[in-house]
Amino acid sequence: MSHENAQHIVVVGTKPDIIKQAPIYHDLRERGHDVVLCHTGQHYDHNLSQSMLDEFGVREDINLEVRGGVNDLVSGITAKLALYLRGFAERGGFPITYVHGDTTTAMAGSLATFGERQALVHVEAGLRTLSPKPEVLRGWMEQGADLDWASFRAQSVDRASWSRGSREPSPEQFNTRVCDAGSDLHAAPVELNREFLLDEGFAPAAIDVVGNSVVDALGQAVAGSDKNQVLQRFPQMGDGSFLRFCVHRRENTTNRDRFNLLMDAMEDLLEQGHHVLFIRLLGTEAAIDNFGRRQWLEDLEARFGDALISTPVWDSYLDVVAAMSMCAVIVTDSGSIVEEANVLEVPCVTLRFGSDRSETFLAGSNFLAPPVDKHLMTAVIHHVYEHRAELSWDRVYPEGASAMLVDAVERRLDEGSLLISEEWRYGLKAALR
């Protein structure tokens, strides 16, 4: 195994993949490695794919063009990617595939490399959800609208308040577990992820804590963004009072009760005098129509005027970052946005039963508003808004994540230990070659 015959295949399929894999792709190229960008086709709308490729200066070398539902994506990506990767090995190369996070693309990529017995680097490995212990959640629910901020905040940053075992977000928790099972290098963002992986029995030497490449992507975006472009469209955002509100997770947008609770909570926030930037993603739009909320939304827009900005997802990541940095609080069910909020130093509220970025709970930059009671949800959001000036935290994710990850790969190539074997695990000899 050597640098000379190593071929680095960076796989993307979704918008977050492109954002977080682009810095790794660029770092590999700048060091002179043989790199190709493989797009699976999972996301194909312009604002989720091509606009991101353009903004981050990357161009796909191949697009597998896989379409369909979850099972279609898994089978299609696995088969087509395996065939593509096999060609590298047949030509005498040593393919190293990089997949990101907890997407269907990542899970299928793991299946493909495992079947071909090729090396897999799992970028953002070890994501596991922490949720509040039952007695903690019940205590919050009993308080509801009368939530005590001081005790709530203290419990939020206390690891003893949280437990593992959640299957949400779904299918993301399934995807990341399958992906980890087939990985040769687990590139974990933080020590908490390493802890999770070790608890599950993964080899310590196969895990490196390398930070999160979202920091590199955000640095590029912040440098290129222009808040004035956002303010030209939405001048009312200039006072920094807006809550950025977005929901798109399947468990929130396919569950009528949860979705209605979330929308009712947003309406209550507006009635309390809050200003809301409501971003409608594809799942959000489908839920609005499926659950009969389209007329309700149009009425809401008419009632609250400039206090409610209701918009489809934006094409420009630079504009998204500029708008996020101008918001008072980010209210979301997204995992990636929680990471971005931590780096941008904007307080965040998670609209789920837990988070697979639970390091942000423990850091005090993110607070949970579970979709069980609209009064509890609005109380959490209102408290975070009211106390935002006193909130401070150390940034969870360090600078230079992409460089640390590529360093870890190069070190393993030098040692001949990128492919895991039992001999390697026992220290008897180098990995299979």
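All figures in this text were calculated on a predicted structure; none of them were measured in a lab.

Draft legend 1. Seen up close, the environment of Val10. With respect to the helices and strands, the residue Val10 is situated in strand β1 (residues 6–12). The exposure class of Val10 is buried, given its relative accessible area of 0%. Val10 sits 18 residues away from Leu28 along the chain, and the two C-alpha atoms are 9.7 Å apart. Not counting residues up to four positions away in its chain, the partners in contact with Val10 are Gln21, Tyr25, Leu28, Val35, Val36, Leu37, Cys38 and Tyr98.

Draft legend 2. Expanded view of the sheet that holds strand β5 (residues 119–123). With parallel pairing, seven strands are arranged side by side in an open sheet as β3-β2-β1-β4-β5-β8-β9. Each end of this open sheet is capped by a strand with a single partner; those strands are β3 (62–63) and β9 (207–209). As defined by bridge partners, strand β8 (residues 185–188) adjoins β9 across three bridges and the pair is classed as parallel. By the bridge assignment, Ala188 is partnered in β9 with Val209.

Draft legend 3. Unusual backbone geometry, seen in detail. Cis peptide bonds are those with omega within 30 degrees of zero, and the linkage from Glu168 to Pro169 qualifies with 0°. Looking at where Pro169 falls in the secondary structure, it is placed in the loop between β7 (162–163) and α7 (172–181). The phi dihedral of Glu345 is positive, around 65°, even though this residue is not glycine. Residue position: Glu345 is located in the loop between α16 (336–344) and β14 (348–350).

Draft legend 4. Focus on the packing of helix α5 (residues 134–143) against helix α6 (residues 149–156). Two numbers describe how α5 lies on α6: the axes approach to 12 Å, and their chain directions differ by 160°. Viewed along their axes, α5 and α6 adopt a mutual orientation that is roughly antiparallel. In this structure, α5 crosses over α6, and the sense of that crossing is left-handed. Where α5 approaches α6, its residues Val136, Trp140 and Gln143 are matched on the opposing element by Ser151, Phe152, Gln155 and Ser156. Residues that form the contact of α5 with α6 fall into these classes: three nonpolar, four polar and no charged.

Draft legend 5. Up close: the pattern of salt bridges. In the structure shown here, the tally under the stated rule is 32 salt bridges. Ionic pairing is found between Lys20 and Glu339, a salt bridge with its closest N-O pair at 2.5 Å. Here Glu339 lies in helix α16 and Lys20 lies in helix α1 (residues 15–30), a separation of 319 residues in the sequence. The exposure class assigned to Lys20 is buried, which follows from its relative accessible area of 1%. With a shortest N-O distance of 2.6 Å, Asp27 and Arg31 are connected by a salt bridge. Given the relative accessible area of 13%, Asp27 is considered buried. When its relative accessible area of 30% is taken as the criterion, Arg31 is described as partly exposed. Beyond isolated ion pairs, a larger network of salt bridges with shared partners links Lys20, Asp102, Glu124, Glu339, Arg352, Asp356 and Arg357.

Draft legend 6. Spatial organisation of the packing of helix α15 (residues 317–326) against α16. Where α15 meets α16, the axes come as close as 10 Å, and the angle between the chain directions of the two elements is 60°. Considering their axes alone, α15 and α16 lie oblique with respect to each other. In this structure, α15 crosses over α16, and the sense of that crossing is right-handed. Facing α15, whose interface residues are Tyr317, Val321, Met324 and Ser325, α16 presents Ile337, Glu340, Ala341 and Leu344. By residue class, the composition of the contact of α15 with α16 is six nonpolar, one polar and one charged.

Draft legend 7. Looking closely at α6. What α6 keeps buried is the set Trp149, Phe152 and Ser156. Take α6 and look down its axis: the buried residues cluster within an arc of 65°, on one side only. Contacts from the buried residues of α6 go to α5, β7, α17 (359–363), β15 (366–368) and α18 (374–386).

Draft legend 8. Structural context of the UniProt feature "domain: UDP-N-acetylglucosamine 2-epimerase" (unreviewed entry) in the protein. Annotation from UniProt places "domain: UDP-N-acetylglucosamine 2-epimerase" (unreviewed entry) at residues 28–150 and 167–402. Between the end C-alpha atoms of residues 167–402 there is a gap of 29 Å, over a span that is 49% helix and 14% strand.

Draft legend 9. Structural context of empty space enclosed by the protein. Per the counting criterion, the structure on display carries three cavities of 30 Å³ or more. Of the volumes computed, that of the largest cavity is approximately 60 Å³. What lines the largest cavity is Lys20, Ile24, His100, Val123, Glu124, Ala187, Val210, Gly211, Asn212, Ser213, Ala401 and Leu405. The set of elements that each furnish at least two residues to the lining of the largest cavity consists of α1 and α19 (401–415). Grouping the amino acids of the lining of the largest cavity by side-chain chemistry returns six nonpolar, four polar and two charged.

Draft legend 10. Spatial organisation of the layout of surface pockets. Taken as a whole, the second largest pocket spans an internal volume of roughly 260 Å³. In this structure, the second largest pocket is lined by 15 residues; those nearest its centre are Ala181, Ser183, Asp184, Phe202 and Ile420.

Cut-offs used in this document
Residues numbered from 1 in each chain as written. Predicted model: local features only at pLDDT ≥ 70, side-chain atom pairs only at ≥ 80, totals over all residues. Heavy atoms only, no water. Helix = DSSP H or I, 4+ residues; strand = E, 2+ residues; numbered from the N terminus. Buried < 20%, exposed > 50% of the residue type's maximum accessible area, 1.4 Å probe, protein only. Contact = heavy atoms within 4.5 Å. Pairing = 2+ DSSP bridges. Axes fitted to C-alpha atoms, helices over the stretch in contact; angles between N-to-C directions. Parallel < 35°, antiparallel > 145°, perpendicular 65-115°, else oblique. Left-handed = near helix turned anticlockwise from the far one by under 90°. Nonpolar A, V, L, I, M, F, W, Y, C, P; charged D, E, K, R; others polar. Salt bridge = Lys/Arg side-chain N within 4 Å of Asp/Glu carboxyl O. Arc of directions from axis to C-beta. UniProt positions renumbered as here; feature names shortened; annotations may be inferred. 1 Å grid on protein atoms, 1.4 Å probe; cavity = no way out; pocket = protein on both sides within 12 Å on 5 of 7 lines; lining within 4 Å. Points joined across faces, edges and corners; volume = space filled by probe spheres on them.

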